[in-house]
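# Analysis of the macromolecular model
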Amino acid sequence: MTQIAPTPADALRQRYRDETPVESSHWNPVLRVLHEHRSVRRYLPDPVSDDILRLLVSAAQSAPTSSNLQVWSVIAVRDEARKARLAALAGGQAHIEQAPVLLVWTADFARLRQLADDRGAPLDGADYLESSYVGFIDAALAAQNAVVAAESLGLGTVYIGALRNKPEQVAAELGLPPQVFAVFGLVVGHPDPAEPTTVKPRLPQSAVLHHETYELAAQREHVARYEDRIAEFYAEQGLEHSWTERVLNRLASAQSLNGRDRLREALAGHGFPLH
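In this text the structure is predicted, and so the values were computed from the model without any measurement.

It is worth spelling out the environment of L163 at this point. Structurally, the position occupied by L163 is in the loop between strand 3 (156–160) and helix 8 (167–174). A sequence separation of 97 residues divides L163 from R260, and the C-alpha atoms of the two residues are 9.4 Å apart. Leaving out residues up to four positions away in the same chain, L163 has contacts with L86, A90, V104, V170, F184 and G185.

Here is the structure:
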């Protein structure tokens, strides 16, 4: 049976849970992949080939990078035992073990530090918060390119921010030298068709798109409308609590950060100065 591709209106309706979306006259396969993104947490055991992995990395390297510094690296983890240990460090997320590959994206200044040391050149500019930002941003841009590439090939993905819960242990597991920090993981694999996933609705554009200057007070009504729309999604997924309750609970205290309240200390300990 031939699968009918969703129209732009269908895609926008899913993304916003809006029955009357504003449809654009501009549409293409790239926009379709972007709008159909969903997190996948159930995978088939089928491998991701080296050829596909190379494509994902070349797509990642095609992302913008500040001043062409390229201060990121990625570690592909396929070993079952290592994935199991990393899954435990990330709070026992079973899909890390289930999927064929876990990509760990890092902010990486070790490469530039080695170049500077080899040449006896100063690298004092790397010892500032701005440079750390660049490493994290570069890694995120690269990984998102890989996500789009993977999903364009019919693969599923899900980010693993919980690797930051225990950054020292993750660094030890991956053999990360000083000035290389694991920013997040990315699970990649073939989605299990027995566990279909759904596009999660986002805030309406009127809550996130500002014109000329930022408007805060006006967001209340748009967020309230979103609460009603995402409540339908949560009910379908058998999830409790409203969106507001979930996000406020997530940021309620240091304990709710699940170890990431120590991130500043971990970064400094791994060679990322924060001054």
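Further remarks concern the pattern of salt bridges. Any two side chains of opposite charge can pair if their charged atoms end up close together. Taken as a whole, this structure holds 14 salt bridges when the rule is applied. Its salt-bridge partner being D51, residue R54 comes within 4.0 Å of it at the nearest N-O pair. Of this pair, R54 and D51 both sit in helix 3 (residues 50–61), three residues apart, which is roughly one turn of the helix. Among the residues examined, R54 registers a relative accessible area of 54% and is labelled exposed.

Attention now moves to the UniProt feature "domain: Nitroreductase" (unreviewed entry) in the chain. UniProt's feature table lists "domain: Nitroreductase" (unreviewed entry) at residues 36–190, given in the numbering used throughout. Measuring from the first to the last C-alpha atom of residues 36–190 gives 16 Å, for a span that is 45% helix and 19% strand.

Here N165 is to be found in the loop between strand 3 and helix 8. The exposure class of N165 is buried, given its relative accessible area of 14%. At 2.8 Å, the side chain of N165 forms a polar contact with the side chain of R260. In contact with N165, other than residues within four places in its own chain, are L89, L257, N258, G259 and R260.

In this section: unusual backbone geometry. Residues other than glycine seldom take positive phi values, yet R17 does so here, at roughly 55°. By relative accessible area, R17 is classed as buried at 17%. Notably, Q70 is not glycine yet its phi reads approximately 55°, a positive angle. Along the chain, Q70 turns up in the loop between helix 3 and strand 1 (72–77).

So, about the packing of aromatic side chains. Considering all chains together, one arrives at seven aromatic pairs under this definition. For the ring pair W72 and W105, a centre distance of 5.5 Å and an interplane angle of 45° mean the geometry is tilted. Taken together, the positions of W72 in strand 1 and W105 in strand 2 (residues 101–108) put the pair 33 residues apart, joining distant regions of the chain. As far as the burial class goes, W72 and W105 line up, both buried. These aromatic residues form a ring-pair network of at least three members: F109, F136, F181 and F272.

On to the packing of helix 3 against helix 7 (residues 129–152). The interhelical angle for the contact between helix 3 and helix 7, taken along N-to-C directions, is 135°, at an axis separation of 7 Å. Classified by the angle between their axes, helix 3 and helix 7 sit oblique to one another. Of the two possible hands of crossing, helix 3 and helix 7 adopt the one that is right-handed. Between helix 3, through L56, A59 and A60, and helix 7, the contact on the second element is made entirely by A142, N145, A146, A149 and A150.

Attention now goes to the sheet that holds strand 4 (residues 180–189). Across the sheet, four strands lie side by side as 1-2-4-3; this open sheet has antiparallel pairing. In this open sheet, the two edge strands, each paired with only one partner strand, are strand 1 and strand 3. Strand-to-strand, the axes of this sheet are offset by a mean angle of 25°, without reference to chain direction. Where strand 3 lies against strand 4, five bridges are found, and the strand directions are antiparallel. Bridge assignment links G156 to a residue of strand 4, and that residue is G189. Packed on one face of the sheet, helix 3 meets strand 1, strand 2 and strand 4 and runs near 165° to strand 1.

Below, the discussion takes up a nonpolar patch on the surface. There is a patch of nonpolar side chains on the surface, built from L129, Y133, I137 and L141 and spanning about 360 Å² of accessible area. Note on placement: I137 falls in helix 7.

Below, the discussion takes up the side chain of R260. Among the secondary structure elements, R260 is positioned in the loop between helix 11 (243–250) and helix 12 (263–269). Buried and without a salt bridge, R260 has D261 as its closest oppositely charged side chain, separated by 8.1 Å. With residues near it in sequence (within four places) discarded, R260 still touches G161, A162, R164, N165 and R250.

On the surface, R41, K200, R202 and R246 cluster together into a positively charged patch. Mapped onto the elements, R246 comes out in helix 11. Looking at R246, the relative accessible area reads 33%, which means it is partly exposed.

Reading guide: rules and limits
Residues numbered from 1 in each chain as written. Predicted model: local features only at pLDDT ≥ 70, side-chain atom pairs only at ≥ 80, totals over all residues. Heavy atoms only, no water. Helix = DSSP H or I, 4+ residues; strand = E, 2+ residues; numbered from the N terminus. Contact = heavy atoms within 4.5 Å. Salt bridge = Lys/Arg side-chain N within 4 Å of Asp/Glu carboxyl O. Buried < 20%, exposed > 50% of the residue type's maximum accessible area, 1.4 Å probe, protein only. UniProt positions renumbered as here; feature names shortened; annotations may be inferred. Polar contact = N/O pair within 3.5 Å; in protein donor to acceptor, adjacent residues only side chain to side chain. Phe/Tyr/Trp six-rings, centres within 6.5 Å; stacked < 30°, edge-to-face > 60°. Axes fitted to C-alpha atoms, helices over the stretch in contact; angles between N-to-C directions. Parallel < 35°, antiparallel > 145°, perpendicular 65-115°, else oblique. Left-handed = near helix turned anticlockwise from the far one by under 90°. Pairing = 2+ DSSP bridges. Patch = residues over 30% accessible without salt bridge, like charges linked within 9 Å, V, L, I, M, F, W, Y side chains within 5 Å. Areas by Shrake-Rupley, 256 points an atom, 1.4 Å probe, with all protein chains shown as cover. Lys, Arg positive; Asp, Glu negative; His and termini not counted. Charge placed at Lys NZ, Arg CZ, Asp CG, Glu CD.

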